[in-house]
Number of protein chains: 2
Amino acid sequence: MATKKEKIEEKLDKESVKKLEEFGAELAGEIKKEESPAFPLPIRAKSNITFDEAKKLLVLGEKLAHRRFLNVAHTRKFMQSVLVASACKEYIESGRTVGKRELYYNLKHSLPNSKDNTFEDDIESGGVLDDLEASLDILRERLHVEAKSRGSIYGNITLSQAGSDFDCSKLGRGGWAIPGFVEDVEVVNFKADYILAVENDAMMSRLIQEKFWKENNCLLVTGEGMFPRGVRRFIKILNQKLKLPVIAFVDGDPYGFYIYSVLKYGSIELAHLSDRYAVPNCSYVGMTMDDIDEYKLQNVTERLKDVDVKRINEELEYPWFKASKDWTRQLKLMKEKGVRIEQQALASKSLEFVAKKYLPEKIDGKKFLP
Amino acid sequence: MATKKEKIEEKLDKESVKKLEEFGAELAGEIKKEESPAFPLPIRAKSNITFDEAKKLLVLGEKLAHRRFLNVAHTRKFMQSVLVASACKEYIESGRTVGKRELYYNLKHSLPNSKDNTFEDDIESGGVLDDLEASLDILRERLHVEAKSRGSIYGNITLSQAGSDFDCSKLGRGGWAIPGFVEDVEVVNFKADYILAVENDAMMSRLIQEKFWKENNCLLVTGEGMFPRGVRRFIKILNQKLKLPVIAFVDGDPYGFYIYSVLKYGSIELAHLSDRYAVPNCSYVGMTMDDIDEYKLQNVTERLKDVDVKRINEELEYPWFKASKDWTRQLKLMKEKGVRIEQQALASKSLEFVAKKYLPEKIDGKKFLP
């Protein structure tokens, strides 16, 4: 007997298949009418992306393009879109999920009676997938294409997936390796007040060791650097299902700031999916430029390189940083001081400092950046 | 009451502390005798590394250098070695493990009454750690310094670490995220005939989904690309504890070949630790150049770039490849064909092809490269 969860999954899969079938039927209809088949898709260029101040999200505008079979410049992409759509329908119906590169190879040479490659590389197939996602307004994961995984979760939460339950507080020193497909993850139970999103996996290890998750009643998630798409989707799902706020703990440098902004507002490449990825009620605990003086970390900063300064100047122009007094101040202060500060620099105080003093003090006192 | 495992751990920790104390006592003794304190360390340069044909391992030769306090060129490194040794003793005694970068920050500015940085970056502190490891003939992990983690395990094995047991066949679509410190991992029980070491994490995901581990009675481990040190150590520990052979499944290109050789023979940088990392009874299932014709994959190869050809030529000179007719043939064949082949190219047959046909056929038929 299907569980409630399986029924929801099935329903979502059916919806996806329905959208794909409608997509195909429309094109077939046009062909029957002897028209040139075509489908619309939102333009995913910077010119059509705005920062929605009210929603606090990067969003796609209304501008549409059309991909027409009988336009020589479009024919190849048109064929590719139909190929990908048809393959995704197959993936869903066979209950399989595929990686982006697997999709590429699976379709690379699939035109009968032709020696031509249907795709030259996975950038080409990935672009078509992005377009299809935007055109059908359906998440890649719902088409059974996995996102890049790389990252883990630790803490008082029992999850269920693919028929097994597991307690993420009982995994030794490691955590649960977040897979590239998390649409079917179910929460069996949990005990936590917030989700701490940690940039660095060695910092994650420190917080696991110090039992920070236990003493501070939180879930730890790391994406090992820039959070990959799969981890962001997983954080978003937890954020929605558990109704818990997300707190970001990253390096005090332009890259850490950017990681945070992608988590909170979405990214330019995925602006058409911001509502399904971005976590608007995310806040920033550290590292900040003020931490350097507050916690006397002057000796463990790293000097900015030219490339860092260039990145700061770029970020000062990003609407979401520009609109915030606090963030503008941080970025300017970083340039002024000429240094950046890593999470792990807190180890200069003592190994346990981050878990026993820094984070509890800042989180309990709600000393956040917006 | 301490478990048997805890007692073993304790004993290993005591041995490490004893070695560190002897190291300190020796230096103190020399100072008391008003001699310049010094310690010997094996030279870790290419000139002192050989490929041991009998043991099938990269090994360090007998050449020794001495690090002397009263040699101006050595003084700084001498001071750093003592600092690191002393910190490691503290880590062991407090039951903590640290990451490489955490170690750097923890010690960066720890000289009282000095504004000088004791280390300029983690390459400096990492080098000192490598030296200490070679000098004391003790594994970094035994000094409680974690290796880089990144990778996961899946399959019929129940592990125990840090007071919790977990079944690695009941973790949904994800696996157990292998932590950077695995010296204290205990095997509660397992059911497997071999360990399959998989290069690509998307391939890992495919094999989990197809239940390859279940149907073929094996454990799946991935290092997500080049296996990091922590994952190699973990594979070695499993290899020893479970007495299971390791089979490598990587891309058919010079990088895949190299990943395999590091797994099997050790690496040049860690030649002093080959016996604790390398898995001599490792074999290679694929991808091979012969697979391209055997499985008709001509259409899904990728053309070699100049940098690939350069790498092939380098590998043809490596003693462990040079000594093997089979490997020399593979490398030459690759140059001849001018192509490489990725694991995921098998998806061009069908998604399940790798799990239902390719791997079972080759593994059951023992179609391995040495």
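Keep in mind the model is a prediction, meaning the values are calculated, not measured. (Residues numbered from 1 in each chain as written. Chains lettered and ligands numbered in written order. Predicted model: local features only at pLDDT ≥ 70, side-chain atom pairs only at ≥ 80, totals over all residues. Heavy atoms only, no water.)

(A) The arrangement of the confidence of the model for chain A in detail. Per-residue confidence for chain A gives a mean pLDDT of 92, with 98% of residues at or over 70. Overall fold confidence for the complex sits at a pTM of 0.91, while the interface term, ipTM, reaches 0.89. (pLDDT = per-residue confidence, 0-100.)

(B) Summary view of the pattern of salt bridges. Throughout the structure, instances matching the rule amount to 71 salt bridges over all chains. With a shortest N-O distance of 3.7 Å, K89 of chain A and E21 of chain A are connected by a salt bridge. You can see K89 of chain A sitting in helix 2 (residues 72-93) and its partner E21 of chain A sitting in helix 1 (residues 4-32), a full 68 residues away along the chain. Judged by its relative accessible area of 26%, K89 of chain A is partly exposed. For E21 of chain A, a relative accessible area of 40% corresponds to the partly exposed category. With a shortest N-O distance of 3.2 Å, E183 of chain B and R142 of chain B are connected by a salt bridge. In this pair, E183 of chain B is assigned in the loop between strand 8 (176-177) and strand 9 (186-190) and R142 of chain B in the loop between helix 4 (122-136) and strand 5 (152-154), connecting sequence segments 41 residues apart. (Salt bridge = Lys/Arg side-chain N within 4 Å of Asp/Glu carboxyl O. Helix = DSSP H or I, 4+ residues; strand = E, 2+ residues; numbered from the N terminus. Buried < 20%, exposed > 50% of the residue type's maximum accessible area, 1.4 Å probe, protein only.)

(C) The UniProt feature "active site" (unreviewed entry) in chain A, seen in detail. All names here are of chain A. In this numbering, the UniProt entry assigns the feature "active site" (unreviewed entry) to Y105. Within the fold, Y105 resides in helix 3 (residues 100-108). Judged by its relative accessible area of 0%, Y105 falls in the buried class. (UniProt positions renumbered as here; feature names shortened; annotations may be inferred.)

(D) Quick look at the sheet that holds strand 9 (residues 186-190) of chain A. Residues and elements named next belong to chain A. Spatially, the 3 strands line up as an open sheet ordered 7-6-9, and their pairing is antiparallel. Looking at which strands have only one partner, the edges of the open sheet turn out to be strand 7 (164-167) and strand 9. Pairs of neighbouring strands in the sheet enclose a mean axial angle of 20°, with direction left out of account. Pairing of strand 6 (residues 157-161) with strand 7, which is carried by 4 bridges, proceeds in the antiparallel orientation. What sits directly across from L159, in strand 7, is F166. Running over the sheet, helix 7 (residues 229-242) touches strand 6 and strand 9 and is turned about 55° from strand 9. (Pairing = 2+ DSSP bridges. Axes fitted to C-alpha atoms, helices over the stretch in contact; angles between N-to-C directions. Contact = heavy atoms within 4.5 Å.)

(E) Highlighting the packing of aromatic side chains. Summed over the entire model, instances satisfying the criterion amount to 44 aromatic pairs over all chains. Aromatic side chains F257 of chain B and Y284 of chain B sit 5.8 Å apart centroid to centroid with 80° between the ring planes, which places their arrangement in the edge-to-face category. Linking F257 of chain B in helix 8 (residues 254-265) with Y284 of chain B in strand 13 (residues 282-286), this pair joins segments that are 27 residues apart in sequence. Each member of the pair, F257 of chain B as well as Y284 of chain B, carries the same accessibility label: buried. Where Y260 of chain B meets Y284 of chain B, the ring centres are 5.0 Å apart and the plane angle is 70°; that geometry is what we call edge-to-face. Of this pair, Y260 of chain B sits in helix 8 while Y284 of chain B sits in strand 13, and the two are 24 residues apart along the sequence. Y284 of chain B gets classed as buried once you look at its relative accessible area, which sits at 0%. Clustering of aromatic rings is evident, with ring pairs tying together F51, F257, Y258, Y260, Y265, Y284, Y318, W320, F321 and W327 of chain A. A cation sits over an aromatic face here: R311 of chain A above Y258 of chain A, 5.0 Å from the ring centre. (Phe/Tyr/Trp six-rings, centres within 6.5 Å; stacked < 30°, edge-to-face > 60°. Lys NZ or Arg CZ within 6 Å of the ring centre and 35° of its normal.)

(F) How the structure looks around the environment of E133 of chain B. All names here are of chain B. Examined against the element boundaries, E133 turns out to sit in helix 4. Given the relative accessible area of 1%, E133 is considered buried. Sequence-wise, E133 and L270 are 137 residues apart; in three dimensions their C-alpha atoms are separated by 10.0 Å. For E133, the residues in contact, after removing those within four places along its chain, are I138, L139, R140, R229, H272 and L273.

(G) Geometry of the packing of helix 8 of chain B against helix 11 (residues 306-317) of chain B. All names here are of chain B. Their axes nearest at 9 Å, the elements helix 8 and helix 11 cross at an angle of 35°. Of helix 11, the residues touching helix 8 (which contributes P254, Y255, F257 and Y258) are V307, D308, R311, I312 and E315. Among the residues making up the contact of helix 8 with helix 11, the classes are represented as 6 nonpolar, no polar and 3 charged. (Nonpolar A, V, L, I, M, F, W, Y, C, P; charged D, E, K, R; others polar.)

(H) Molecular detail of the side chain of Q343 of chain A. Mapping Q343 of chain A onto the fold places it in the loop between strand 15 (339-340) and helix 14 (353-364). Not counting chain neighbours up to four residues away, the residues in contact with Q343 of chain A comprise V198, E199, N200, M203, F249, V250, D251 and M287 of chain A.

(I) Spatial organisation of unusual backbone geometry. A cis amide bond, omega 0°, links G286 of chain A with the succeeding residue M287 of chain A. Counting through the fold element by element, M287 of chain A comes out in the loop between strand 13 (282-286) and helix 10 (289-294). In the Ramachandran plot, D137 of chain B falls in the positive-phi region, its phi being about 50° despite a non-glycine side chain. Residue position: D137 of chain B is located in the loop between helix 4 and strand 5. By relative accessible area, D137 of chain B is classed as partly exposed at 44%. For K211 of chain B, which is not a glycine, the phi torsion comes out positive at approximately 55°. Its location among the elements puts K211 of chain B in the loop between helix 5 (201-209) and helix 6 (212-215).

(J) Quick look at the side chain of N216 of chain B. Tracing the backbone shows N216 of chain B in the loop between helix 6 and strand 11 (218-222). By relative accessible area, N216 of chain B is classed as buried at 16%.

(K) Inspection of the relation of the copies chain A and chain B at higher detail. Take chain A, turn it by 180°, move it 0.0 Å along the axis, and it overlays chain B with an RMSD of 0.0 Å. What we have between these two chains is a two-fold relation. When the interface residues of chain A are mapped onto chain B, 100% of them again fall at the interface, so both copies present the same face. (Least-squares fit on C-alpha atoms with pLDDT ≥ 70 in both.)

(L) Up close: helix 8 of chain B. Residues and elements named next belong to chain B. Compared with an ideal rise of 1.5 Å per residue, which puts 12 residues at 16 Å, helix 8 spans 16 Å between its outermost C-alpha atoms and is within 8% of the ideal. Burial analysis of helix 8 places 11 of its 12 residues in the buried class, which makes it a mostly covered element. Among the residues of helix 8, P254, G256, F257, Y258, I259, Y260, S261, V262, L263, K264 and Y265 are the ones counted as buried. G266 lies just past helix 8 and shows a positive phi near 100°. (Expected span 1.5 Å × (residues − 1).)

(M) The arrangement of the interface of chain A and chain B in detail. Listed by partner, the interface residues are 52 residues for chain A and 52 residues for chain B. Summing both sides of the interface, chain A and chain B together bury roughly 4500 Å²; the carbon and sulfur share of this comes to 44%. It is R96, Y105 and R173 of chain A in chain A that bury the most area against chain B; as a group they hold 17% of the surface buried on that side. Viewed at the interface, chain B and chain A are joined by 11 salt bridges. Run the count over chain A and chain B and you get 37 residue pairs in polar contact (both at pLDDT 80 or more). At the level of elements, helix 3, strand 7, strand 8 (176-177) and helix 5 (201-209) of chain A are the ones that each hand at least two residues to the side of chain A that touches chain B. Sorting elements by how many residues they give to the side of chain A that touches chain B places helix 3 of chain A first, with 6 residues. Per-class residue counts for the side of chain A that touches chain B are 15 nonpolar, 19 polar and 18 charged. (Buried area = accessible area lost by both parts, 1.4 Å probe. Polar contact = N/O pair within 3.5 Å; in protein donor to acceptor, adjacent residues only side chain to side chain.)

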